[in-house]
Protein chains: 2
Amino acid sequence: MVQYGSSPLDLSFAALSDATRRGIIDQLGRGDESITSLADKFQMTLTGMKKHVQVLERAGLVVTQKVGRVRTCRLGKRGLKAEAAWIEAHRKLFEARFEALDDIISEMKQEGSDDSAS
Amino acid sequence: MVQYGSSPLDLSFAALSDATRRGIIDQLGRGDESITSLADKFQMTLTGMKKHVQVLERAGLVVTQKVGRVRTCRLGKRGLKAEAAWIEAHRKLFEARFEALDDIISEMKQEGSDDSAS
DNA sequence: TATACACTGAACTATATGGTTCAGTATGGA
DNA sequence: TCCATACTGAACCATATAGTTCAGTGTATA
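Residues numbered from 1 in each chain as written. Chains lettered and ligands numbered in written order. Predicted model: local features only at pLDDT ≥ 70, side-chain atom pairs only at ≥ 80, totals over all residues. Heavy atoms only, no water.

The phi dihedral of A:Gln43 falls on the positive side, at around 50°, and the residue is not glycine. With respect to the secondary-structure elements, A:Gln43 resides in the loop between helix H3 (35-41) and helix H4 (46-58). (Helix = DSSP H or I, 4+ residues; strand = E, 2+ residues; numbered from the N terminus.)

Quick look at the structure:
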């Protein structure tokens, strides 16, 4: 039996699965921003933006700091190392599979029956 | 205003945000599997496993083919290229930010007020 | 001091996710 | 032919997500 507990990757990949949040990361790559300016840029309520930022923060991708009444958001120091590592390791897995099985696969496709059924 | 539509990355990052599904990819890297054998290995009902496989399939990470009564799952040809590309591009963004701002940040930390408030 | 600004939190909506059970359908083998 | 196997689909549950509105709190500033 294979057992997998939940991990930090759960949080970061989930954070990255939303286009708005990937956009926020793009934006913060260009410079720090307040919640308000992000909300403006993404045409969203303050509250909505705050939630997105919280998701990114829980994932460690973004760090925030409140000074006065302004909360400033910037990219988190931990970066995307763990995610890059997982993806790279598995990208190789995919490729290894295809080097080994390329011809077998096309062979299977020939004799294939149902394929792609619901 | 910054506008981001939904993209294939939404589906693949969401697919990767679950430890079971990342485990399935690990497993398929070692060889093709039927839904039943995956369900056994991950101690889950057939129906539950089928759903996970469908999520991976919609994301293009896994391909399935039904022959007789067995549906065989294998890694999808499209692999993790797009995901790797996004992560790599942004990993550089993170690093660039820190090279430029490392000292400014630690300076901000000194004078910081609230930090890490809810 | 009064006002405007930036955020925060609670509450609500609609939809998705991760899982189950149960009742099928279709296939392979004795 | 009969039975077990492998999957499929519908229905249900609990929880999470993406967004909203509304009613605050705390901070700058005129």
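Quick look at the packing of helix H2 (residues 19-30) of chain B against helix H4 (residues 46-58) of chain B now. Residue and element names in this part refer to chain B. At a minimum axis separation of 10 Å, H2 and H4 run at an interaxial angle of 75°. Classified by the angle their axes make, H2 and H4 are roughly perpendicular. Between H2, through Thr20, Arg21, Ile24 and Ile25, and H4, the contact on the second element is made entirely by Met49, His52, Val55 and Leu56. Partitioning the contact of H2 with H4 into residue classes produces five nonpolar, two polar and one charged. (Axes fitted to C-alpha atoms, helices over the stretch in contact; angles between N-to-C directions. Parallel < 35°, antiparallel > 145°, perpendicular 65-115°, else oblique. Contact = heavy atoms within 4.5 Å. Nonpolar A, V, L, I, M, F, W, Y, C, P; charged D, E, K, R; others polar.)

When pLDDT drops low, the exact placement of atoms in the prediction is not to be read closely. All names here are of chain A. For chain A, the average pLDDT comes to 85, and 79% of its residues sit at 70 or higher. In the model of chain A, helix H5 (residues 81-111) stands out as the element of lowest mean pLDDT, 74, in contrast to H4, which has the highest, 97. Scored below 50 in pLDDT, residues 107-118 shows 17 contacts in the model against residues more than four places distant or in partner chains. (pLDDT = per-residue confidence, 0-100.)

This part covers the protein's contact with DNA strand D. Surrounding DNA strand D, one finds 22 residues, the nearest of these being A:Arg21, A:Lys51, A:His52, B:Thr36 and B:Lys50. Per the 4 Å cut-off to the protein, sugar and phosphate atoms form 66% of the nearby atoms of DNA strand D. At 3.3 Å, a side-chain N or O of A:Arg69 approaches a base oxygen of DNA strand D. Between DNA strand D and B:Arg71 there is a distance of 2.7 Å, counted from a phosphate oxygen to a side-chain nitrogen or oxygen. Looking at the surface near DNA strand D, the elements that each hand over two or more residues are H4 of chain A together with helix H3 (35-41), H4 and strand E3 (70-75) of chain B. A class-by-class count of the residues in the surface near DNA strand D yields four nonpolar, nine polar and nine charged. (Near = heavy atom within 4 Å. Polar contact = N/O pair within 3.5 Å; in protein donor to acceptor, adjacent residues only side chain to side chain.)

Further remarks concern the packing of aromatic side chains. Evaluated as defined, the whole model comprises three aromatic pairs over all chains. Taken together, a centroid distance of 6.1 Å and an interplanar angle of 75° make the contact between A:Phe13 and A:Trp86 edge-to-face. A residue pair is termed long-range when its members are at least 10 positions apart, and A:Phe13 in helix H1 (residues 8-16) and A:Trp86 in helix H5 qualify at 73 residues. One exposure class covers both A:Phe13 and A:Trp86, and it is buried. Taking the centre distance of 6.0 Å and the plane angle of 20° together, the rings of A:Phe13 and B:Phe13 count as stacked. Remark: B:Phe13 occurs in helix H1 (residues 8-16) and A:Phe13 occurs in helix H1; the pair is interchain, linking two chains. B:Phe13 matches A:Phe13 in its accessibility class, with the two residues each being buried. (Phe/Tyr/Trp six-rings, centres within 6.5 Å; stacked < 30°, edge-to-face > 60°. Buried < 20%, exposed > 50% of the residue type's maximum accessible area, 1.4 Å probe, protein only.)

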